[in-house]
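Here is how the chains run, residue by residue.
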Amino acid sequence: MAHAPQSTHLKVLVVDDYLDTAKVLAEMLELDGFRAAAARDGQEALDLAHSLRPDVILLDIELPKLNGLEVCRALRKEPWAAAVAIVAV
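Definitions and cut-offs
- Residues numbered from 1 in each chain as written.
- Predicted model: local features only at pLDDT ≥ 70, side-chain atom pairs only at ≥ 80, totals over all residues.
- Heavy atoms only, no water.
- Pairing = 2+ DSSP bridges.
- Helix = DSSP H or I, 4+ residues; strand = E, 2+ residues; numbered from the N terminus.
- Axes fitted to C-alpha atoms, helices over the stretch in contact; angles between N-to-C directions.
- Contact = heavy atoms within 4.5 Å.
- Patch = residues over 30% accessible without salt bridge, like charges linked within 9 Å, V, L, I, M, F, W, Y side chains within 5 Å.
- Areas by Shrake-Rupley, 256 points an atom, 1.4 Å probe, with all protein chains shown as cover.
- Salt bridge = Lys/Arg side-chain N within 4 Å of Asp/Glu carboxyl O.
- Buried < 20%, exposed > 50% of the residue type's maximum accessible area, 1.4 Å probe, protein only.

Draft legend 1. Spatial organisation of the sheet that holds strand 2 (residues 35–39). Across the sheet, which stays open at both edges, the four strands sit in the order 2-1-3-4 with parallel pairing between neighbours. On the outer flanks of this sheet lie strand 2 and strand 4 (85–88), each paired with one strand and no other. Across the sheet, the mean angle from the axis of one strand to that of its neighbour is 15°, orientation sign disregarded. For strand 3 (residues 56–59) and strand 4, the ladder comprises four bridges, and the chain directions are parallel. Bridge pairing links L58 to V87 in strand 4. Of the strands in this sheet, strand 3 and strand 4 are in contact with helix 3 (residues 68–76), which crosses strand 3 at around 160°.

Draft legend 2. Here's a closer look at a nonpolar patch on the surface. On the surface, V24, L25 and M28 cluster together into a nonpolar patch covering about 250 Å² of accessible area. Tracing the sequence through the fold places M28 in helix 1 (residues 19–31). With a relative accessible area of 48%, M28 lands in the partly exposed category.

The following block contains the structure:
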């Protein structure tokens, strides 16, 4: 498995309604040198994204409160999020 260089400090937000899954993936990313956080619903994802300003978002589509598409649309309205890579998972 290739490891990310420790100097990247990329920020990743993992969003999944199965919080344990999101947390484990975030922890694995941190072991590879990324800064990571986990959210379990669409509203929490938006709140964390605004404070974390991630470089990458791994976004589940079927979420409570706001679904992944609604989260993506809301983020794309934010100037700071224009270059954020959003990956549907």
